[in-house]
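Coordinates in review
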Amino acid sequence: MTSTLAGKIVLITGVAHGCGRVLADAFAAEGAKIVGCDVDVEGGLAIASSVKARGEEMTFVEADVADESAMHNVVTSAVRVHGRLDCAVNNAGTETTGLIADADADVFDRLSAINIKGVLNGLKHEIRAMRANGGGSIVNMSSVTSDITAVPANGVYAATKGAVNALSKAAAVEVAASNISVNSLAFAAIDIADDMFWRFLNDQHIPPDQILSAFPMGRLGRPEELVAAVRYLLSDDARYVTGTMLVLDGGYTAV
Ligand SMILES: NC(=O)c1ccc[n+]([C@@H]2O[C@H](COP(=O)([O-])OP(=O)(O)OC[C@H]3O[C@@H](n4cnc5c(N)ncnc54)[C@H](O)[C@@H]3O)[C@@H](O)[C@H]2O)c1
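Residues numbered from 1 in each chain as written. Predicted model: local features only at pLDDT ≥ 70, side-chain atom pairs only at ≥ 80, totals over all residues. Heavy atoms only, no water.

Digging into helix α4 (residues 105–132)
Here α4 contains 28 residues, and its C-alpha end-to-end distance of 39 Å stays within 8% of the 40 Å for a straight helix at 1.5 Å per residue. At K117, α4 shows its strongest bend, of approximately 35°. In this structure D104 caps α4, since a side-chain oxygen of it lies 2.7 Å from the backbone nitrogen of D106. G134 occupies a position one or two residues after α4 and carries a positive phi of about 85°. (Helix = DSSP H or I, 4+ residues; strand = E, 2+ residues; numbered from the N terminus. Expected span 1.5 Å × (residues − 1). Bend = angle between axes of the 7 residues up to and from the residue. Polar contact = N/O pair within 3.5 Å; in protein donor to acceptor, adjacent residues only side chain to side chain.)

Overview of the packing of aromatic side chains
Summed over the entire model, instances satisfying the criterion amount to two aromatic pairs. With centroids separated by 5.5 Å and ring planes inclined at 70°, the aromatic side chains of F197 and W198 adopt a geometry described as edge-to-face. The buried category is assigned to F197, whose relative accessible area is 14%. Owing to a relative accessible area of 21%, W198 belongs among the partly exposed residues under this scheme. Ring geometry for F215 versus Y252: centroids 5.1 Å apart, planes at 35°, classification tilted. Of the two residues, F215 is situated in the loop between α7 (208–212) and α8 (223–234) and Y252 in the segment after β7 (245–248); the sequence distance between them amounts to 37 residues. (Phe/Tyr/Trp six-rings, centres within 6.5 Å; stacked < 30°, edge-to-face > 60°. Buried < 20%, exposed > 50% of the residue type's maximum accessible area, 1.4 Å probe, protein only.)

Below, the structure is given as structure tokens:
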């Protein structure tokens, strides 16, 4: 039988929209206690109150993941409220589009601050908290657009996600003996209205049908398939899995 996250204390960054919101909703529904953060306070409080209205547990903390003291505060809040931290999903991220020949240094710095330093800030404080309670599991959200495949006009974003894969692997070997697993999830497109993927298609004026032909399965990923992959990596089923990158892409990178 597949392990659930029932009873686990699960920290998720970027919970106000998209994948983070889907994960918070699903894990709360199976009995996890969620501590979520986001820069979007209105969106974060809205998801927390809809979870609590169902009688499930979620705390929202305002935080910019690029700010180390704010991330430290999110982890401290989780430990203060629940006594420990079991699982973390470093999900908050942002995107940009544009050719490398036109790259803007300020945009590069902003993406690096959120997508790379944000993950580093999360890892640092999550690891410290997990060490204190004997172990835990961490998933960092990466992308097939990283060091795996290249998509035109997506190079700066890809560079930040390649760094997430590298950080995940490095952290995994440093903390394996402390019973903490660290993995990255490199996914392609999950069909969540108005998430990063749909914004990319709209920005680039790419018709959805055109993109579907690149997927051997002929369809986008479903939200519940993203939930299943993250749950697996966080759960006791994946106790011996660390320092790896799970690709979730309907065969996109196998072609
Ligand atoms: N959507 C996809 O198809 C896809 C594919 C591959 C990888 N990813 C990755 O998955 C993650 C989630 O993507 P998404 O599509 O849900 O994105 P999204 O833009 O829909 O949601 C991102 C969330 O992160 C929050 N956020 C942004 N900057 C933040 C910051 N500095 N501090 C705290 N919160 C911040 C946003 O407010 C938002 O709630 C990202 O890391 C993204 O790179 C997404």
